[in-house]
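The chain contents come next:
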Amino acid sequence: MRRIVTSLLPLLIPLLIAAPLMAQTTLGFRGGLSDATVSTDVEGVPDQDARRGVVAGLDLSFPVGGTVELRIGGAYVQKGTELSVDLPSEGIRGSGRIEADWVQASALVRIGTPRDSGASFGLLLGPWAASLLSCNRSLSVDAGELGSVNESASCDDVTKSTDFGVAAGAGVEMAISDGLRLGVDLIYSLGLANIDDTSTEDTKTRHVALQAGFVIPFGG
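Predicted model, so just to flag it, every value in this text is computed and none were measured.

S.K.: If you had to explain the packing of aromatic side chains to someone new, which residues and values would you point to?
M.R.: Within this structure, the stated rule accounts for zero aromatic pairs. The ring of W128 has K79 lying over it, and the distance from NZ or CZ to the ring centre is 4.0 Å.

So, in structure tokens, the structure goes:
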């Protein structure tokens, strides 16, 4: 937890200092559930299932014109994938799991409907960058008469420490009171960097998150 907070502070402190100077600024606290996979050019990769994880973070939004806002935020994000192999003709069944946890910063443009009409609907689009906190992999294989293998290990040394990409999504905000809103977003993050530090074959992150939280207006 200390490492997460330390990674987020350099991003958020300048924003908090500048916030009083921004009209109609909002502070958002959001969290939710996510599904993550990877895309790869490597041949013979087993079937994938999404790794179910969590996402949690905070952000500052301020208007840049009309109903267009810039949302700058930082979050703890769980990514990775689950792999499965089923070869009944050879008597082999197995599964693998990669769990990679990141601190992710983003700058998303939100184009939405006016908030004075009640619920405000918006579209989100923008870049993100992430720093690796930890990576772990596990493998479980049953080869019948040949025996079974169960092992786990860190994959920090074979995973690049940074990632980047673009995110797109949609969301809605609803007023709970004069000083509090409820926000719900669905955001898809597309990794553009090869995160495999041992191969020239591309392995890129894919991540979709459904998150909800409180949005507090202040300033202006």
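Picking up after the structure, the text goes on.
S.K.: Can you explain the nonpolar core? Please cite residues and give values.
M.R.: Grouped together as the largest cluster of nonpolar side chains are twelve residues: A100, W102, L108, L124, W128, A130, L132, C135, C155, A167, I187 and I195. Residue contributions to this core peak at five residues, all from strand β6 (residues 120-142). Apart from residues lying up to four places away in sequence, C155 is in contact with I98, C135, N136 and R137.

S.K.: Describe the side chain of T203, naming the residues involved and giving the relevant values.
M.R.: Within the element layout of this structure, T203 appears in strand β10 (residues 203-218). You can call T203 buried: its relative accessible area is 14%.

S.K.: Run through a nonpolar patch on the surface, naming residues and quoting values.
M.R.: Together, L186, Y188, V208 and L210 give the surface a local cluster of nonpolar side chains, amounting to about 340 Å² of exposed area. Elements that contribute at least two residues to the nonpolar patch include exactly β9 (180-191) and β10. For L210, the position within the fold is in strand β10.

Thresholds applied
Residues numbered from 1 in each chain as written. Predicted model: local features only at pLDDT ≥ 70, side-chain atom pairs only at ≥ 80, totals over all residues. Heavy atoms only, no water. Phe/Tyr/Trp six-rings, centres within 6.5 Å; stacked < 30°, edge-to-face > 60°. Lys NZ or Arg CZ within 6 Å of the ring centre and 35° of its normal. Core = buried A, V, L, I, M, F, W, Y, C linked by side-chain atoms within 4.5 Å. Buried < 20%, exposed > 50% of the residue type's maximum accessible area, 1.4 Å probe, protein only. Helix = DSSP H or I, 4+ residues; strand = E, 2+ residues; numbered from the N terminus. Contact = heavy atoms within 4.5 Å. Patch = residues over 30% accessible without salt bridge, like charges linked within 9 Å, V, L, I, M, F, W, Y side chains within 5 Å. Areas by Shrake-Rupley, 256 points an atom, 1.4 Å probe, with all protein chains shown as cover. Salt bridge = Lys/Arg side-chain N within 4 Å of Asp/Glu carboxyl O.

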